[in-house]
Amino acid sequence: MERTNEGLQALGAKTKYRMDYAPEVLETFNNKHTDNDYWVRFNCPEFTSLCPITGQPDFAEIRISYIPAEKMVESKSLKLYLFSFRNHGDFHEDCVNIIMKDLIRLMQPKFIEVTGLFTPRGGISIYPYANYGKPGTKYEKLAEKRLETHE
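Residues numbered from 1 in each chain as written. Predicted model: local features only at pLDDT ≥ 70, side-chain atom pairs only at ≥ 80, totals over all residues. Heavy atoms only, no water.

Caption draft 1: Examining the layout of surface pockets more closely. Taken as a whole, the second largest pocket spans an internal volume of roughly 340 Å³. Lining the second largest pocket are R41, R63, S65, E113, T115, L117, Y127, Y129, R146, T149, H150 and E151. Residues belonging to the lining of the second largest pocket are distributed by class as follows: three nonpolar, four polar and five charged. (1 Å grid on protein atoms, 1.4 Å probe; cavity = no way out; pocket = protein on both sides within 12 Å on 5 of 7 lines; lining within 4 Å. Points joined across faces, edges and corners; volume = space filled by probe spheres on them. Nonpolar A, V, L, I, M, F, W, Y, C, P; charged D, E, K, R; others polar.)

Here is the structure:
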């Protein structure tokens, strides 16, 4: 199956890294398998952001899993987007929720969940989790179930 980069700006272009939060770099392509429910998972083991109080760097693995509807996020644009948090100051919980909400606005997925596995600072690890299921569908129920059973 041939993939095209029609309309995509980041894929195949010289990489330009943004130095602050940049949701506008996110790009989509059409899901060619809208008749199937399937999972897409991204792991970003080198995510960094800044503590909004101290300015110290925070390090995490960000895990994004979603069930696409019509649109899918292009992976290079996602990498550039996640990189844009490098000099952005927000709490761990905020980063996870911002990422999820930006991806919902971008793709309107059937279901999405985002987990941040932040490394310890001050002896405490923080692992925020957020999810969303399209309202009025079985995916809304899936989101409720996964939230209830989340570890």
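Caption draft 2: Quick peek at the pairing of strand β5 (residues 111-121). Judged from the eight bridges that link them, strand β3 (residues 57-67) and β5 form a sheet pairing that is antiparallel. What sits directly across from S65, in β5, is E113. Pairing of β5 with strand β7 (residues 129-133) involves five bridges; the strand directions are antiparallel. By the bridge assignment, F111 is partnered in β7 with G133. Judged from the two bridges that link them, β5 and strand β6 (residues 124-126) form a sheet pairing that is antiparallel. Its bridge partner lying in β6, F118 is registered against I126. Hairpin connection, β5 to β6: the antiparallel pair is bridged by two residues, and G122 has positive phi, about 70 degrees. (Pairing = 2+ DSSP bridges. Helix = DSSP H or I, 4+ residues; strand = E, 2+ residues; numbered from the N terminus.)

Caption draft 3: Structural context of the packing of aromatic side chains. Summed over all chains, the structure comprises seven aromatic pairs. The interplanar angle of 85 degrees and the centroid separation of 5.4 Å between the aromatic rings of W39 and F111 together place this pair among those described as edge-to-face. Taken together, the residues W39 in the loop between β1 (28-30) and β2 (40-50) and F111 in strand β5 connect sequence positions 72 residues apart. The class of W39 is partly exposed, set by a relative accessible area of 43%. One aromatic cluster is present, built from ring pairs that chain together Y21, F47, Y81, F85 and F118. (Phe/Tyr/Trp six-rings, centres within 6.5 Å; stacked < 30°, edge-to-face > 60°. Buried < 20%, exposed > 50% of the residue type's maximum accessible area, 1.4 Å probe, protein only.)

Caption draft 4: Main features of the state of the cysteines. Tallied over the full model, the rule gives zero disulfides. Cysteine C44 is unpaired, with the sulfur of C95 as its nearest cysteine sulfur at 11 Å. Residue class for C44 comes out buried when judged on its relative accessible area of 18%. In this model C51 remains outside any disulfide bridge; the closest cysteine sulfur is found in C95, 10 Å from its own. (Disulfide = S-S within 2.5 Å.)

Caption draft 5: Inspection of the UniProt feature "binding site: substrate" (unreviewed entry) in the protein chain at higher detail. The sites that carry the UniProt feature "binding site: substrate" (unreviewed entry) are, in the present numbering, V73, E74, S75, H92 and E93. A maximum C-alpha distance of 24.1 Å among these annotated residues, which run over 21 residues, shows that they spread across the structure rather than meeting at one spot. For V73, the position within the fold is in strand β4 (residues 71-73). On the accessibility criterion, E74 (4% relative accessible area) is buried. (UniProt positions renumbered as here; feature names shortened; annotations may be inferred.)

Caption draft 6: Quick peek at the side chain of S84. Relative to the helices and strands, S84 is located in the loop between α1 (75-83) and α2 (92-107). Here the side chain of S84 touches Y81 through a polar contact of 2.6 Å, landing on its backbone oxygen. (Polar contact = N/O pair within 3.5 Å; in protein donor to acceptor, adjacent residues only side chain to side chain.)

Caption draft 7: Layout of the UniProt feature "active site" (unreviewed entry) in the protein chain. On the UniProt side, "active site" (unreviewed entry) is annotated at positions that read C51 and D58 here. With relative accessibility at 10%, the residue C51 sits in the buried group. Contacts of C51, omitting those with residues within four sequence positions, involve Q56, D58 and R121. With respect to the helices, strands and loops of the structure, D58 is situated in strand β3. Given a relative accessible area of 4%, D58 falls into the buried group. Apart from the residues lying within four places of it in its own chain, the contact partners of D58 are F47, T48, S49, L50, C51, H92, F118 and R121. (Contact = heavy atoms within 4.5 Å.)

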